[in-house]
Amino acid sequence: MTATEVASYHRTPDQAPEAPTGCPVSDFTPFAADYQADPYAVLDGLRDTPVFYSRELGCLVVTRMEDISEIFLDPETFGSQNVQDPVFPLGHGARSVLAADDFDPVAVMSNRQPPDHGRIRNHTKQGFSNRRMRVLAPYIRSRSHGLVDELLAAGPPADFVPLFAHPLPGETIFRFIGFPPSDDEQLKRWCSDRLAFTWGRPSEAEQTEIARKMLAYWRYCRDFVASKTGDPGDDFTSELLAVHDSDPEELTLAEVESIVYGLSFAGHEIVSNFLSNALICLLARRSQWDELRADPSLVAPALEEVLRFESPQTSWRRVANRDAEVAGVRIPAGTSILLSLAAANHEPGCFDDPGRFDIHRSNARNHISFGKGIHFCLGARLARLEAAVALEVLTERVPSLRLVEGQSLERSANITFRGPKSLLVAWDRAD
């Protein structure tokens, strides 16, 4: 693989190596119906085997909190360069689309290796400053109220996902980046289905269609960055360009373009699932929803328990940069690794009665849903802010909000993200 390919944002998956010698081999797959319905029950049945090889995924699966933490904290041995790679090989159609001469985003954050990762992160994290959060908070609250107005106008029952959970984080990250509101609907269409492309198992036709959207969105991002070069504003893109203008080698233009390109998904799909999962957890336990209504100070700890109990991100990936050992199993360089955050967040040795949802859990914040170490999720603070404001507004404006009984929750089949495609809610007309 050439240096250019290593630095690209989306790499074509390499051929998976065989299972490491002496490693248990399993038919485990996150695409199985039982895992999609309840990953925690499946993972509980695997606790006696904290490391095993998945035939379908062609990678090592690690389930224990201690081992996952050690891998996160050793980026030299366990690299992140595979986290944006499609799980399965691309078909001819998608390859042809992404072979366009101008489709050349580079690895920048989640999949960039040290020392460049530290250089880029140092500048990127400035965008998530206290000042930027103070600027965004009124927008998030105002938009939450606006979306509640639309929800109430739609009348019960209503689908929470398209009416609230999807637009709030999408529009928030677009305002953060600096995209104009007039482009929101087109941007949402272009950014849709990225989850399936990178972490799912789409058909060749679906791959090709998603690839077309990715190319169109990349071209939009490049044009947008170019437009900001001569017309800066109070937004994240302008801040990145200011760094580039002061020292083009410190943060290249390609890196600025690629950061903008990558943020739309990272700040959208995950938070959308976070909001929906919060309602699934809380509305199914009415007394805990009522506690939040009575005491908004409980919102923050309740959200930490959501992140632990029903995280919007159930796994993440790494690759062994050199021969290593995990939980007593020796693995050769090049081995792909799936870190099961879901298993770690429900580990009995880390959390008492982990299958119980409890907004008063004292150590809920010890979850690992945002990762650990140098790649700890840069947008964690913004995600928490959005979810907290959304819950405060919903408990205030729609106190009788409830899940529609008897609905079957369908989730996108993929290896990493968890949230419902649809979530029907109802409420009393008096709200």
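Residues numbered from 1 in each chain as written. Predicted model: local features only at pLDDT ≥ 70, side-chain atom pairs only at ≥ 80, totals over all residues. Heavy atoms only, no water.

(A) Structural detail: the packing of helix 7 (residues 130-154) against helix 19 (residues 380-397). Their axes nearest at 9 Å, the elements helix 7 and helix 19 cross at an angle of 35°. With respect to the hand of their crossing, helix 7 and helix 19 are arranged in right-handed fashion. Contacts between helix 7 and helix 19 pair N130, M133, L136, A137, I140, R141, S144, H145, V148, D149 and L152 from the former with R381, L382, L385, E386, V389, A390, E392, V393, L394, E396 and R397 from the latter. (Axes fitted to C-alpha atoms, helices over the stretch in contact; angles between N-to-C directions. Helix = DSSP H or I, 4+ residues; strand = E, 2+ residues; numbered from the N terminus. Left-handed = near helix turned anticlockwise from the far one by under 90°. Contact = heavy atoms within 4.5 Å.)

(B) View of the nonpolar core. Residues F160, F164, F179, L275, L279 and L401 are the most contacted members of the largest nonpolar core, which totals 89 residues. Once residues within four sequence positions are removed from consideration, L279 is found in contact with F160, A284, W289, L391, L394, L401, L403 and L423. In terms of nonpolar packing, the next biggest core, distinct from the first, is built from 44 residues, F28, F72, F78 and L339 among them. (Core = buried A, V, L, I, M, F, W, Y, C linked by side-chain atoms within 4.5 Å. Buried < 20%, exposed > 50% of the residue type's maximum accessible area, 1.4 Å probe, protein only.)

(C) Here's a closer look at the environment of A107. You can see A107 is positioned in the loop between helix 5 (92-98) and helix 6 (116-124). Residue classification places A107 among the buried positions, given a relative accessible area of 1%. Sequence separation of A107 and Q84 is 23 residues, and the distance between their C-alpha atoms is 8.8 Å.

(D) Quick look at the side chain of N345. Mapped onto the secondary structure, N345 falls in helix 18 (residues 341-345). With near-sequence residues (within four places) excluded, N345 lies in contact with M65, L307, R308, S311, F351, H367, I368 and S369.

(E) Structural context of helix 19. For helix 19, spanning 18 residues, the distance from its first C-alpha to its last is 26 Å, which sits close to the expected 26 Å at 1.5 Å a residue. Where burial is concerned, most of helix 19 is hidden: 13 out of the 18 residues are buried. (Expected span 1.5 Å × (residues − 1).)

(F) Geometry of the environment of F52. Positionally, F52 belongs in strand 2 (residues 51-54). Residue class for F52 comes out buried when judged on its relative accessible area of 1%. The spacing of F52 and F274 is 222 residues in sequence and 29 Å in space, taken between C-alpha atoms. Other than its neighbours up to four places away in sequence, F52 contacts C23, P24, S26, F28, L46, C59, L60, V61 and T63.

(G) The sheet that holds strand 10 (residues 402-403), seen in detail. Pairing is antiparallel in the open sheet, where three strands are placed in the order 5-11-10. Pairing within the sheet leaves two strands with one partner each, and these edge strands are strand 5 (158-159) and strand 10. Looking at chain direction, strand 10 and strand 11 (residues 424-426) are connected through two bridges and run antiparallel. By the bridge assignment, R402 is partnered in strand 11 with A426. (Pairing = 2+ DSSP bridges.)

(H) A look at unusual backbone geometry. The amide bond that connects P114 to the next residue, P115, takes the cis arrangement and shows omega of 5°. The omega torsion of the bond from P156 to P157 falls at -5°, within 30 degrees of zero and hence cis. Structurally, the position occupied by P157 is in the loop between helix 7 and strand 5. The phi angle at A327 is positive, at roughly 50°, despite the residue not being glycine. On the secondary structure map, A327 appears in the loop between strand 7 (324-326) and strand 8 (329-331). In the Ramachandran plot, D353 falls in the positive-phi region, its phi being about 45° despite a non-glycine side chain. Summarising the element assignment, D353 is placed in the loop between helix 18 and helix 19.

(I) Seen up close, the side chain of E255. Looking at the element boundaries, E255 is found in helix 14 (residues 253-266). For E255, a relative accessible area of 4% puts it in the buried group. A distance of 2.8 Å separates a polar atom in the side chain of E255 from a polar atom in the side chain of R119. With sequence-adjacent residues up to four places away left out, E255 is seen in contact with V106, V108, R112, R119, I120 and E250. (Polar contact = N/O pair within 3.5 Å; in protein donor to acceptor, adjacent residues only side chain to side chain.)

(J) Region of the structure containing helix 15 (residues 269-283). Between its terminal C-alpha atoms helix 15 stretches 21 Å, which fits the 21 Å expected from 15 residues at 1.5 Å a residue. With 15 of 15 residues buried, helix 15 is to be regarded as a mostly interior element.

(K) Inspection of the pattern of salt bridges at higher detail. Using the criterion set out here, one finds 37 salt bridges in the structure. Across the pair E239 and R132 runs a salt bridge, and its minimum N-O distance is 2.5 Å. With E239 in helix 13 (residues 236-246) and R132 in helix 7, this pair connects stretches of sequence that are 107 residues apart. Residues joined in a network through salt bridges with shared partners are R143, E150, E171, E185 and K188. (Salt bridge = Lys/Arg side-chain N within 4 Å of Asp/Glu carboxyl O.)

(L) Fine view of the pairing of strand 9 (residues 336-340). Most of strand 9 sits inside the fold, with four of its five residues counted as buried. Bridge count for strand 3 (residues 59-62) against strand 9 is three bridges, and the pairing is parallel. Across the sheet, V62 pairs through a bridge with L339, a residue of strand 9. The pairing of strand 6 (residues 315-320) with strand 9 spans five bridges and is classified as antiparallel. Pairing of V319 across the sheet is with S336, part of strand 9.

(M) Examining the packing of aromatic side chains more closely. Tallied over the entire structure, the rule returns 22 aromatic pairs. Considering the side-chain rings of F179 and Y220, the 5.2 Å spacing of their centres and the 75° angle between planes classify their relative orientation as edge-to-face. Placement of the pair is F179 in the loop between helix 9 (167-177) and helix 10 (184-191) and Y220 in helix 12 (residues 204-229), with a sequence separation of 41 residues. Taken as a pair, F179 and Y220 share a single burial class, namely buried. When the centroid spacing of 6.3 Å and the interplanar angle of 65° are considered together, the rings of W316 and F417 count as edge-to-face. With W316 in strand 6 and F417 in the loop between strand 10 and strand 11, the pair connects residues that are 101 residues apart, well separated along the chain. The class for W316 is buried, based on a relative accessible area of 14%. In this structure, R201 is placed above the aromatic ring of F31, and the distance from its NZ or CZ to the ring centre is 4.5 Å. (Phe/Tyr/Trp six-rings, centres within 6.5 Å; stacked < 30°, edge-to-face > 60°. Lys NZ or Arg CZ within 6 Å of the ring centre and 35° of its normal.)

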